[in-house]
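Working through the structure, step by step
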2 protein chains.
Amino acid sequence: MCIEYLSHYKFHALNRLVERCDGNKGACIIIPLLAWLAINCVLVFIGSAIVTFAEPQAAGSGIPQIKCYLNGVKIPGLLTLRALVAKVVGVILSVSGGLSCGKEGPMIHSGAIVAAGISQGRSRVCNLDFKIFESLRSDTEKRDFVSGGAAAGVSAAFGAPVGGVLFSLEEGASFWNQSLTWRIVFASMVATFTVNVLLSALHGHPADLSNPGLISFGKFQNSSYQVIEIPIFLLMAVFGGMLGALFNQLNGKLTVFRKRYVTSNWAKVTEAVVVAATSAVIGFILIYTVDDCVPTPEEGDYEGHSQAGCADGEHNVMSSLFFKTPEQCLIAVLHSKPGSFTVLSLALFAFLYFILGCWTYGLSVSSGVFIPALLTGAAWGRLVGMAVMSLFPQMGYDYGAHSKLTQGNDIGKYALMGAASQLGGIVRMTISLTVILIECTGDITFGLPMVMVLITAKWVGDFFNTGLYDLHIQMMGIPLLPWEPPELSYDIQAKQVMNTPVLTLQLRETVQNVYNLLVNAPQLHSGFPVVAVADEPLKEGEYGRCKGLILRSQLCFLLNNKIFLDDSAQGSTPLKLKDFRDVYRPNISCLDVKLTEEERTMFIDLEPFMNPAPYTVPLVSSPLHSASGK
Amino acid sequence: MCIEYLSHYKFHALNRLVERCDGNKGACIIIPLLAWLAINCVLVFIGSAIVTFAEPQAAGSGIPQIKCYLNGVKIPGLLTLRALVAKVVGVILSVSGGLSCGKEGPMIHSGAIVAAGISQGRSRVCNLDFKIFESLRSDTEKRDFVSGGAAAGVSAAFGAPVGGVLFSLEEGASFWNQSLTWRIVFASMVATFTVNVLLSALHGHPADLSNPGLISFGKFQNSSYQVIEIPIFLLMAVFGGMLGALFNQLNGKLTVFRKRYVTSNWAKVTEAVVVAATSAVIGFILIYTVDDCVPTPEEGDYEGHSQAGCADGEHNVMSSLFFKTPEQCLIAVLHSKPGSFTVLSLALFAFLYFILGCWTYGLSVSSGVFIPALLTGAAWGRLVGMAVMSLFPQMGYDYGAHSKLTQGNDIGKYALMGAASQLGGIVRMTISLTVILIECTGDITFGLPMVMVLITAKWVGDFFNTGLYDLHIQMMGIPLLPWEPPELSYDIQAKQVMNTPVLTLQLRETVQNVYNLLVNAPQLHSGFPVVAVADEPLKEGEYGRCKGLILRSQLCFLLNNKIFLDDSAQGSTPLKLKDFRDVYRPNISCLDVKLTEEERTMFIDLEPFMNPAPYTVPLVSSPLHSASGK
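Residues numbered from 1 in each chain as written. Chains lettered and ligands numbered in written order. Predicted model: local features only at pLDDT ≥ 70, side-chain atom pairs only at ≥ 80, totals over all residues. Heavy atoms only, no water.

As for the overall build of chain A
What chain A contains, in helices and strands, is 24 helices and nine strands. Partitioning the contacts of chain A with sequence separation of at least 6, the portion at a separation of at least 24 is 77%. Carbon together with sulfur atoms contributes 62% to the accessible area of chain A, which is approximately 27600 Å² in total. (Helix = DSSP H or I, 4+ residues; strand = E, 2+ residues; numbered from the N terminus. Contact = heavy atoms within 4.5 Å. Areas by Shrake-Rupley, 256 points an atom, 1.4 Å probe, with all protein chains shown as cover.)

Okay, here's the thing in structure tokens:
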């Protein structure tokens, strides 16, 4: 709603400035340009500054980071209240500031942060602890909550509850947990419902439930297709896959460049402002130099074309594309009647949105890639539709009762397939994206061609490089394990990649030994195997039988609280699970604990604290075994 | 198509017999009754006999068995060509024979069999080996194929490619395998497409693609709903959940009864014929005793009401319900205009279809439970709709542009929710069922209330008992591990449930020892740990270090082929993986192998053949650990 209102005021003010200049096309035209530039640059400057200085993890869409988190990689700062504020305020400003980006990716990250916060019932930044949901503070529960939050974010963004669930499962869960799935379904459902009620109420129809998500592809009045159209869709998918691969390649190079040269915070903010200024100038130049006033179709059409600089009864195509929020622009491209846009303007629009979208993703602003991808694809898809229309003008009229197609719907269909191809070629998400797009379309009929288009686009794209999110995960240097082991690594065994010598602890260990271990292996290992050593001497490379696993944080807790065995008090001290949960932090330190000489010679009994059934792998395990044993 | 044509001829012939009697309601009426009885009984007799005598695994819907297979439990006969023939022919005859069952469940089983057959490239029944796809004969590959086949079956049955994929994932996969998911998506897509093209061509519109699946809920002309209707839907879901639990409870008791008293094959066939006769007689009695001729709505209505026994311009409600294939009947209940059915006839229909459906499921015929559940639910859901209409006649007219509802659509909406509640209450499937029903409806708008209804129905049903499929899995005595460990078992450790003493083999074992092990543990264990024993004597309950796992079939292969170590030929004999694959059968025997005295003293080297990295669990593992470590 913020973006909608901000954009509305912005375009309203700009339109008035433009109208004042109507008639004299001279120097006067410079005023709206400067106003546009100024507004966009200020908005993006604030948005970028918030993200860059407050919480850099709020940059981008957040989807790669959430994917990493759900797969077990902790990223500091990702799920904090500060990141939430930076994300939400940042995305409002960057979308309103006219960058080629959407608000859908950030919604997913925001949903995940909210969910993580609820599960913890406290905030470290605010130093608040509500003392609620303490039983949900474990790592597992938090991760489950984040799955649900991400799913709810997708649901809210796209009005796609099933797609949201699939997103969380596809990106996050490697184990299909049925009860978790149910909870995620419920969360997604409530999210869609809430968005629907709130938006419907804000639009004045509280009981109407007509706004399932933030973005909608609008209603296709006639959504049938014919067998002969499928090859065309597939060719579009091939093209979209190649364009997507090109997008990722360019963005990858750009990211490398940024990592090397755009390193200081101010440089990042400056780059964002430069992109904002360029976007505004390009839009302005296109509107006023490309001569593309076309007659506005008379009735039943999408309303909202802009007259800027054109005669009455006509509208300026470029202005109709640029003087809008991206979501409105997408609906215009999908649903305007044939003849609303010229070939030149659509081609230029697609090309520039491709370039701008590629340049924008990876800026230090809160931004999503869905919308620019969909817009680019819809624009060139509509071009394909126009070409098909003019080559086969009779298509869609000859097939009896089911084919009362109007030309307009035909074109929208091609725009939709183009959008799907382009997005599929860039993000390479699979079944979840299919369902999300189907739910956005609100019509199951396009399901089949959509699946085919997405599969094809992914195959073509994967032939060249990886998906955009995986690319950025690699660039960020996050050690996320992919689905398949790398080629040529199938016969590498566990013993070849593991570090030696193994740092082990015995079931009863002296305080001194434990302390030395923690000091000598600082930050390297967060857990140590606990072994029972037999009586006979161990051979080289043998460490006794594995009895359990103890975490660094648990050892630190034992040291800090001096839970040692001495002669006076045999047996383990009663401890609550809660004590451990509170100390379960990755960065807990105990290297400055004061230990007396006497204490150093005492023993610690690790048996009551260790995990007695950790997951173990034989020395000779290799991807070959896990592949055949799946 | 077979069912459609058979039913068409059947009802056509019966209608002519009925028309001949028009006017004189006396003894003449007995002729069509007898004809109906005879036709149904003969069809069901043949269908039941095929299933009972040829392949009992083809009985029922096959969904419980497929679920078990996908979760790793082998069921002999389940995936054979004989089961496929019995299933397909059986379901055609039982549905055409007027039993209260559908063809959708059997489609899933059929899809799975086809897929399994393709992966094997041979048939044991026909003694054919096409020598193709030999690399796909491993157990893992076969299971992946069956996942895809089941998904394709769902897709073909319901025109629901996404729902099919989710079905396979939800029921089968405990591990989310991304590349497998893609393949399943592709298989489902092709299945839907093929059905669509074939059915469209058979109906005379080859390029039209208007028949995505075997069953469709038809098109809802106006599919919006209002917030105030959601509580009504939820109340219906509660009712549906309770009815579903009742259905399962009754069917469970019936299954116990059948297991005890209906044991001989002829008894099973007789029971099926009795049910067929009862169904026919009940239908006939209802048509001719319930006086429910109502005026046929004039235009735009569903066409296909039956006039039987009524004046011109009127139609017999009961006859409109019973003189149809179940799918046509479902569309009639969902889409007929208000006033097409009387309260009495709908109530009687719902009650009797509930009873007949419950009686039918578990008969020794090939039959699915989806259709009777949907029909029962649609009938009482329509009743609820009629009640709401008469209580709040203005509902749906006051909400502006989005609510141009006709009363007919309103009633259809309630029928749809009733059908969803009833089905959800019986089968308790979760996200896949939601997507399947949404795809059947062809409209995403009902997604949200559908999810809410299905969740509620599942919760209410689960309060009383388990889902129908899980119930039958328990009844069949199949050792399928549920998602959650049973209550009170959370602290049971692995060592408490495992058998002792453990039968182990050493890395090099004498032939005599191996033979003795296989003889003494016949059929009990299909795999044995291979251990390395240290030099010192082992204590009670210790077995040396686990080095790998060897399968009974591998040991048998070694014995049968006499791959022993002797002094003349040290080192392992070169063997191909294919040799092992061909002998990988659960029931391979080698207890009758002839061994000379000299051979018995030879050694077998197990190391090259064993799996060196089997999955192991520590002795103290318990559900508690796996729950916290998930």
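Quick notes on the sheet that holds strand E8 (residues 545-551) of chain A
Residue and element names in this part refer to chain A. Pairing is mixed across the open sheet formed by three strands, whose spatial order is E5-E7-E8. The sheet terminates laterally at strand E5 (505-506) and E8, the two strands that pair on one side only. Bridging between E5 and strand E7 (residues 527-532) involves two bridges; their strand directions are parallel. Bridge pairing in E7 links Gln506 to Val531. (Pairing = 2+ DSSP bridges.)

As for helix H3 (residues 63-70) of chain A
Residue and element names in this part refer to chain A. Within H3, eight of the eight residues are buried, which leaves the element mostly enclosed by the surrounding structure. Of all the residues in H3, the buried ones are Ile63, Pro64, Gln65, Ile66, Lys67, Cys68, Tyr69 and Leu70. The inward-facing, buried residues of H3 contact helix H5 (104-120), helix H6 (139-158), helix H7 (161-171), helix H14 (370-391) and helix H18 (468-475). One or two steps after H3, the chain reaches Gly72, where phi turns positive at roughly 100°. (Buried < 20%, exposed > 50% of the residue type's maximum accessible area, 1.4 Å probe, protein only.)

Things to note about a nonpolar patch on the surface
Residue and element names in this part refer to chain A. Where nonpolar side chains cluster on the molecular surface, the patch consists of Val42, Phe45, Ile46, Phe53 and Trp266 and spans about 490 Å² of accessible area. By residue number, the principal contributor to the nonpolar patch is helix H2 (residues 30-54), which donates four residues. Structurally, Phe45 can be placed in helix H2. (Patch = residues over 30% accessible without salt bridge, like charges linked within 9 Å, V, L, I, M, F, W, Y side chains within 5 Å. Salt bridge = Lys/Arg side-chain N within 4 Å of Asp/Glu carboxyl O.)

Quick notes on the packing of H2(A) against helix H10 (residues 265-289) of chain A
Residues and elements named next belong to chain A. Packing of H2 against H10 leaves a shortest axis separation of 8 Å and a crossing angle of 150°. Our classification of the angle between H2 and H10 gives roughly antiparallel. H10 is crossed by H2, and the crossing has right-handed handedness. A breakdown of the residues in the contact of H2 with H10 according to their chemical character gives 19 nonpolar, five polar and one charged. (Axes fitted to C-alpha atoms, helices over the stretch in contact; angles between N-to-C directions. Parallel < 35°, antiparallel > 145°, perpendicular 65-115°, else oblique. Left-handed = near helix turned anticlockwise from the far one by under 90°. Nonpolar A, V, L, I, M, F, W, Y, C, P; charged D, E, K, R; others polar.)

Here we look at the sheet that holds strand E7 (residues 527-532) of chain B
Residues and elements named next belong to chain B. Strand order across the open sheet formed by three strands is E5-E7-E8, with mixed pairing between neighbours. Looking at the sheet topology across the chains shown, the edges are occupied by strand E5 (505-506) and strand E8 (545-551). Seen against the sheet, helix H21 (residues 552-560) touches E5, E7 and E8 and runs at an angle of roughly 70° to E8.

Comments concerning the environment of A:Met242
All names here are of chain A. Residue position: Met242 is located in helix H9 (residues 229-261). In this structure Met242 comes out as partly exposed when scored by relative accessible area, which is 40%. Put simply, Met242 and Ile426 are 184 residues apart on the chain and 9.1 Å apart in space, counted from C-alpha to C-alpha. In this structure Met242 touches Val460 and Phe464, once residues within four positions along its chain are discounted.

Regarding the UniProt feature "transmembrane region" (unreviewed entry) in chain A
Residues and elements named next belong to chain A. When the UniProt feature table is mapped to this numbering, "transmembrane region" (unreviewed entry) covers residues 29-54, 145-168, 180-203, 223-248, 269-290, 341-362 and 369-392. In residues 145-168, helix accounts for 92% and strand for 0%; the two terminal C-alpha atoms are 11 Å from one another. Across residues 269-290, helical content stands at 95% and strand content at 0%; the span's end C-alpha atoms are separated by 31 Å. (UniProt positions renumbered as here; feature names shortened; annotations may be inferred.)

Let's talk about the nonpolar core
Counting 244 residues, the largest nonpolar core has A:Leu79, A:Leu437, B:Leu79 and B:Leu437 as its most contacted members. Considering every element that reaches this core, the biggest residue donor is H14(A), with 12 residues. Aside from chain neighbours lying at most four places away, what touches B:Leu437 is B:Phe217, B:Leu374, B:Ala420, B:Leu423, B:Met450 and B:Leu454. (Core = buried A, V, L, I, M, F, W, Y, C linked by side-chain atoms within 4.5 Å.)

Description of the pairing of E7(A)
Bridge analysis of E7(A) against E8(A) gives six bridges, and the strand direction is antiparallel. When the sheet's bridge partners are listed, A:Val530 is paired in E8(A) with A:Gly548.

Quick look at a positive patch on the surface
Among the surface-exposed residues, A:Lys495, A:Lys539, A:Arg545, A:Lys547, B:Lys495, B:Lys539, B:Arg545 and B:Lys547 lie close enough to one another that they form a single positively charged patch. Mapped onto the positive patch, the elements with two or more residues apiece are E8 of chain A together with E8 of chain B. Of note, B:Lys547 is situated in strand E8. (Lys, Arg positive; Asp, Glu negative; His and termini not counted. Charge placed at Lys NZ, Arg CZ, Asp CG, Glu CD.)

Observations regarding the packing of H9(A) against helix H13 (residues 343-360) of chain A
Residues and elements named next belong to chain A. For the pair H9 and H13, interaxial distance at closest approach is 9 Å and the crossing angle is 40°. Judged by the angle between their axes, H9 and H13 are oblique. In terms of crossing hand, the pair formed by H9 and H13 is right-handed. On the side of H9, the interface is formed by Leu243, Leu246, Phe247, Leu250, Asn251, Leu254 and Arg258, while H13 contributes Phe354, Gly357, Cys358 and Trp359. A per-class count over the contact of H9 with H13 returns eight nonpolar, two polar and one charged.

Comments concerning the packing of aromatic side chains
Residue and element names in this part refer to chain B. A complete count under the given rule lists 22 aromatic pairs over all chains for this structure. Aromatic pair Phe247 and Phe354: ring centres 5.6 Å apart, planes at 80°, arrangement edge-to-face. In this pair, Phe247 is assigned in helix H9 (residues 229-261) and Phe354 in helix H13 (residues 343-360), connecting sequence segments 107 residues apart. Both rings, one in Phe463 and one in Phe464, keep their centres 5.3 Å apart while their planes meet at 85°; by these two values the pair is edge-to-face. (Phe/Tyr/Trp six-rings, centres within 6.5 Å; stacked < 30°, edge-to-face > 60°.)

Quick look at the environment of A:Val593
Summarising the element assignment, A:Val593 is placed in the loop between helix H22 (577-583) and helix H23 (597-600). In this structure A:Val593 touches A:Tyr515, A:Leu559, A:Asn560 and A:Lys562, once residues within four positions along its chain are discounted.

A word on the environment of A:Ser553
Residue and element names in this part refer to chain A. Structurally, Ser553 can be placed in helix H21 (residues 552-560). Taking the relative accessible area as the measure of exposure, Ser553 reaches 7% and is therefore buried. Once the C-alpha coordinates of Ser553 and Ser526 are considered, the two residues, 27 residues apart in sequence, prove to be 7.5 Å apart.

Remarks on the pattern of salt bridges
Tallied over the full model, the rule gives 16 salt bridges over all chains. Residues B:Glu271 and B:Arg258 are paired through a salt bridge, measuring 2.9 Å at the closest nitrogen-oxygen approach. Note that B:Glu271 is positioned in helix H10 (residues 265-289) and B:Arg258 in helix H9, a separation of 13 residues in sequence. Connected through shared salt-bridge partners, A:Lys103, A:Glu104 and A:Glu327 make up one network.

Topic: the confidence of the model for chain A
Residues and elements named next belong to chain A. Averaged over chain A, the pLDDT score is 80; the fraction of residues at 70 or greater is 80%. The spread of mean pLDDT over the elements of chain A runs between H22, the lowest at 53, and H9, the highest at 93. Every residue in residues 299-303 scores below 50 in pLDDT, and together they form 11 contacts with partners more than four places removed in sequence or on other chains. Here residues 396-408 is modelled with pLDDT under 50, and outside its nearest four sequence neighbours on either side it reaches 24 contacts, counting other chains as well. (pLDDT = per-residue confidence, 0-100.)

Regarding the side chain of A:Thr360
Following the sequence through the fold, A:Thr360 ends up in helix H13. Every residue in contact with A:Thr360, bar those within four places of it in the chain, is listed here: A:Leu99, A:Ser100, A:Cys101, A:Val275 and A:Ser367.

Concerning the side chain of B:Ser96
Residues and elements named next belong to chain B. Within the element layout of this structure, Ser96 appears in helix H4 (residues 81-96). A polar atom in the side chain of Ser96 sits 2.6 Å from the backbone oxygen of Ile92. Contact partners of Ser96, with chain neighbours within four places excluded, come to Ile3, Leu6, Ser7, Lys10, Asn40 and Leu43. (Polar contact = N/O pair within 3.5 Å; in protein donor to acceptor, adjacent residues only side chain to side chain.)

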